[in-house]
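# Working through the structure, step by step
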Amino acid sequence: MATIIVTYGVPRRMFDEKLAGHQLLIPQPMKAFTKEEMLRLLPEADAVVACTAFDAEMIQAAKKLKLIVCYGAGYDAIDVEAATRAGIMVANTPDCVTMPTAELAMALIMSLARRIVDLNDKLHTQPSQQVFGMGKYMGTSLAGRTLGIVGMGRIGSLVADFGRFIGMQVLYTARTPKPHRDALGDRQVSLPELMQQADFVSLHCPATPETRQMISREMLSLMKPTAYLINTARGAVVDEEALIQLLRDGSIAGAGLDVYQNEPNPNPDFLTLPNVILTPHVGSNTLQARDHMAEQASLRILDVLGGNLPQNLLNPEALNT
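Here goes a summary of the coordinates provided. Because the structure is predicted, anything quoted here is derived from the model rather than measured.

Counting secondary structure elements, the protein chain contains 13 helices and twelve strands. A compact globule built from 321 residues would reach a C-alpha radius of gyration of about 20 Å, and the protein chain, at 22 Å, matches this within 12%. Taking the principal axes of the C-alpha coordinates as reference, the protein chain spans close to 65 × 45 × 35 Å. The buried share of the protein chain, reckoned over its 321 residues, is 48%. Partitioning the contacts of the protein chain with sequence separation of at least 6, the portion at a separation of at least 24 is 57%. On the protein chain, roughly 15600 Å² of surface is accessible, and the fraction owed to carbon and sulfur atoms is 53%. If you average the places of the 28 positive and of the 33 negative side-chain charges in the protein chain, the two averages end up 3 Å apart.

Here it is, written out as structure tokens:
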């Protein structure tokens, strides 16, 4: 029987089903183990599902640990280098979050284009006679507009497909050529060209040293005053101070943000901006997605417990340590 720690109280039904016969340590719903609790539990752990940050001190305490599974796609909160030095495999579950995060990105795009949040607020707070009327509070159609995808990976590709379905033209950046996207009519361009031409810029790149504040003041300043920025990737990718300034002075039309540099405490200046839609990092926050994430995390654990390599292994060099 293996000991498996899930660091946060996520829905556990699928963990219980898939990992029956093993000892599952998971906190109460919507609670996290404290670092002190983790350091006490880790010496006996065979595998960890990391829903929260997992640093080098925790890795050092995990004397028996074989595998850390990231609960989702982004693994920037896990010290992968420290895990590799300790000979601990790290894997993630990217396919589980692809569709729900793409859905959220498109929901933000549509909400910004059609002023859904703004109009909802007006109908809740103003006499309806002041809100109704042809020509009031005009939105923008998406058909014929240009959608810029920064990072044409799993999620970016789905958002591009959504955009193409409703008649948008797609520009994208990617680290490698994407001939299958080009065959659909999408066009790969440089980041400055994308920022200049896109009516909606949707970010889908991971947080790495290379992408940190990649959407800089210089890049943001290239955007059209009628353009919108959507970020469902990672807050660290954007220069938030520059974004706030440009939103405040009307240099860009608006933004839809699900991720922030200092979660769970977004910059309070965002809360003062009427041209920003904010959601609390909920890209994969559907019950169906959470069950799928638990299922896939469990399967990776079972692979390793059975002597096999897990799917989506991020640090194969750990096998040589």
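Inspection of the secondary structure puts Gly256 in strand β11 (residues 254-257). Considered as a pair, Gly256 and Leu278 are 22 residues apart in the sequence and their alpha carbons are 6.1 Å apart.

What follows is about helix α13 (residues 287-305). The first and last C-alpha atoms of α13 sit 27 Å apart over 19 residues, in line with the 27 Å expected at 1.5 Å per residue. Within the span of α13, buried status applies to Ala289, Arg290, Asp291, Met293, Ala294, Gln296, Ala297, Ser298, Arg300, Ile301 and Val304. Two residues or fewer after α13 comes Gly307, characterised by a positive phi angle close to 90 degrees.

The subject of this paragraph is the nonpolar core. Within the largest apolar cluster, 45 residues are counted, with the highest numbers of intra-cluster contacts made by Phe15, Val159 and Phe200. Considering each element in turn, this core owes the most residues, ten residues, to helix α5 (residues 94-114). The residues contacting Val159, other than those within four sequence positions of it, are Ala102, Ala105, Met106, Ile109, Leu147, Ile149, Ser202 and His204. If you look at the next biggest cluster of nonpolar residues, it comprises 31 residues, including Val150, Val189, Ala242 and Leu273.

Burial of β11 is two-sided: the residues Gly254 and Gly256 facing one way and the residues Ala255 and Leu257 facing the other way are all buried. Note that strand β10 (residues 228-231) and β11 share four bridges and pair parallel. Bridging from a neighbouring strand, Leu229 pairs with Ala255 of β11. Handedness of the crossover is the feature at issue here: the chain leaves β10, passes through helix α12 (residues 240-248), returns alongside β11, and the resulting connection is right-handed.

Okay, the side chain of Ser298 next. Locating Ser298 in the fold gives a position in helix α13. Setting aside its immediate chain neighbours within four residues, Ser298 contacts Met14, Phe15, Lys18 and Leu19.

Our focus in this paragraph is the sheet that holds strand β3 (residues 47-50). The strand order across the open sheet built from five strands is β2-β1-β3-β4-β5, with neighbouring strands paired in parallel fashion. Looking at which strands have only one partner, the edges of the open sheet turn out to be β2 (23-25) and β5 (89-91). Taken over all neighbouring pairs, the strand axes of this sheet differ in orientation by 15 degrees on average, direction set aside. Of the strand pairs in this sheet, strand β1 (residues 3-6) and β3 are connected by three bridges, and their pairing is parallel. Residue Ile5 lies in a different strand from β3, and its bridge partner there is Val48.

Turning our attention to the layout of surface pockets. The computed volume of the second largest pocket comes to approximately 330 Å³. Surrounding the second largest pocket, 17 residues form its lining, Leu112, Arg115, Asp118, Pro274 and Asn275 being those nearest its centre. Put simply, the parts of the chain that give the lining of the second largest pocket at least two residues each are α5, α6 (116-125) and β12 (276-278). A per-class count over the lining of the second largest pocket returns ten nonpolar, four polar and three charged.

Now for the packing of aromatic side chains. Tallied over the full model, the rule gives two aromatic pairs. For the pair Phe200 and Tyr228, a centre-to-centre distance of 5.1 Å together with 10 degrees between the ring planes defines the contact as stacked. One end of the pair, Phe200, is in strand β9 (residues 200-203); the other, Tyr228, is in strand β10, and 28 residues separate them in sequence.

Per the counting criterion, the structure on display carries 19 salt bridges. Across the pair Asp199 and Lys224 runs a salt bridge, and its minimum N-O distance is 3.0 Å. Of this pair, Asp199 sits in the loop between α10 (191-197) and β9 while Lys224 sits in the loop between α11 (217-221) and β10, placing them 25 residues apart in sequence. On the accessibility criterion, Asp199 (11% relative accessible area) is buried. Ionic contacts of the salt-bridge type, sharing partners, join the residues Asp161, Arg164, Arg181 and Asp186 into one network.

The subject of this paragraph is empty space enclosed by the protein. The full count for this structure, using the stated rule, is one cavity of 30 Å³ or more. In this structure, the largest cavity occupies an estimated 40 Å³ of space. Among the residues forming the lining of the largest cavity, the class breakdown is five nonpolar, two polar and one charged.

Reading the values: the criteria
- Residues numbered from 1 in each chain as written.
- Predicted model: local features only at pLDDT ≥ 70, side-chain atom pairs only at ≥ 80, totals over all residues.
- Heavy atoms only, no water.
- Helix = DSSP H or I, 4+ residues; strand = E, 2+ residues; numbered from the N terminus.
- Rg over C-alpha atoms; globule rule 2.2 N^0.38 Å.
- Buried < 20%, exposed > 50% of the residue type's maximum accessible area, 1.4 Å probe, protein only.
- Contact = heavy atoms within 4.5 Å.
- Areas by Shrake-Rupley, 256 points an atom, 1.4 Å probe, with all protein chains shown as cover.
- Lys, Arg positive; Asp, Glu negative; His and termini not counted.
- Charge placed at Lys NZ, Arg CZ, Asp CG, Glu CD.
- Expected span 1.5 Å × (residues − 1).
- Core = buried A, V, L, I, M, F, W, Y, C linked by side-chain atoms within 4.5 Å.
- Pairing = 2+ DSSP bridges.
- Right-handed = clockwise from strand over helix to strand, strands pointing away.
- Axes fitted to C-alpha atoms, helices over the stretch in contact; angles between N-to-C directions.
- 1 Å grid on protein atoms, 1.4 Å probe; cavity = no way out; pocket = protein on both sides within 12 Å on 5 of 7 lines; lining within 4 Å.
- Points joined across faces, edges and corners; volume = space filled by probe spheres on them.
- Nonpolar A, V, L, I, M, F, W, Y, C, P; charged D, E, K, R; others polar.
- Phe/Tyr/Trp six-rings, centres within 6.5 Å; stacked < 30°, edge-to-face > 60°.
- Salt bridge = Lys/Arg side-chain N within 4 Å of Asp/Glu carboxyl O.

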